[in-house]
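Below, each chain spelled out in residue letters.
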Amino acid sequence: MVRQWCFGNVVDFASGCGYGTWMISHNPDVDRVLGLDIDKGAIEWAKENFEEGSVKFICGDALNVEKYLIEENIDNVDTLVSLETIEHIKDTSIVPKVADLCKASTVIVSFPSKKSTH
């Protein structure tokens, strides 16, 4: 559902195994999607299964996003996406920090609306 609001260059912060990142790339308004996650295993799986054309995955700390954008020759970020992530982060101020580092014009964040059992 989120992909309908994505456009231009997208960073998927905490992309996990990459399925959502890949789905975002199928919006015709999206030029490129960079999936970023700190979990090496998830990124390896994402690269094997979903990296193609306009979809790239990087294993690393989101606070280094500027470095990754330079490495990927991405000048601007139009949409920052962080789905079902914020509830797993001790310091939730990281999300606006990443948005500022990206200079993202649009930020989409989702979180559970009910108590989880795990």
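Look up a bit, the structure's there.
In this text the structure is predicted, and so the values were computed from the model without any measurement.

Parameters at a glance
- Residues numbered from 1 in each chain as written.
- Predicted model: local features only at pLDDT ≥ 70, side-chain atom pairs only at ≥ 80, totals over all residues.
- Heavy atoms only, no water.
- Buried < 20%, exposed > 50% of the residue type's maximum accessible area, 1.4 Å probe, protein only.
- Helix = DSSP H or I, 4+ residues; strand = E, 2+ residues; numbered from the N terminus.
- Pairing = 2+ DSSP bridges.
- Right-handed = clockwise from strand over helix to strand, strands pointing away.
- Arc of directions from axis to C-beta.
- Contact = heavy atoms within 4.5 Å.
- Salt bridge = Lys/Arg side-chain N within 4 Å of Asp/Glu carboxyl O.

Our next topic: the pairing of strand S2 (residues 30-37). Successive residues of a regular strand alternate their side chains across the two faces of the sheet. Where burial is concerned, most of S2 is hidden: 6 out of the 8 residues are buried. In the sheet, strand S1 (residues 8-13) pairs with S2 via 6 bridges, with the strands oriented parallel. The partner of Val11 across the bridge, within S2, is Leu34. Read as a crossover between parallel neighbours, the route from S1 over helix H1 (residues 19-24) to S2 is right-handed. Here S2 pairs with strand S3 (residues 55-59) via 5 bridges, running parallel. When the sheet's bridge partners are listed, Leu34 is paired in S3 with Lys56. After leaving S2, the chain enters helix H2 (residues 40-50) and then returns to the sheet as S3, a path that is right-handed.

The next point concerns H2. For H2, the set of buried residues is Ala42, Ile43, Ala46 and Phe50. Down the axis of H2, the sector holding all buried residues measures 95°, keeping them to one side. Exposed residues lying more than 90 degrees from the buried face of H2 are Lys40 and Glu48. Packing partners of the buried residues in H2 comprise H1, S2 and S3.

For side chains bearing opposite charge, pairing can occur when the charged atoms are close. Counting across every chain of the model gives 3 salt bridges. The closest approach of N and O atoms between Arg32 and Glu72, which form a salt bridge, is 4.0 Å. Of the two residues, Arg32 is situated in strand S2 and Glu72 in the loop between helix H3 (65-71) and strand S4 (79-82); the sequence distance between them amounts to 40 residues. Residues joined in a network through salt bridges with shared partners are Arg32, Lys56 and Glu72.

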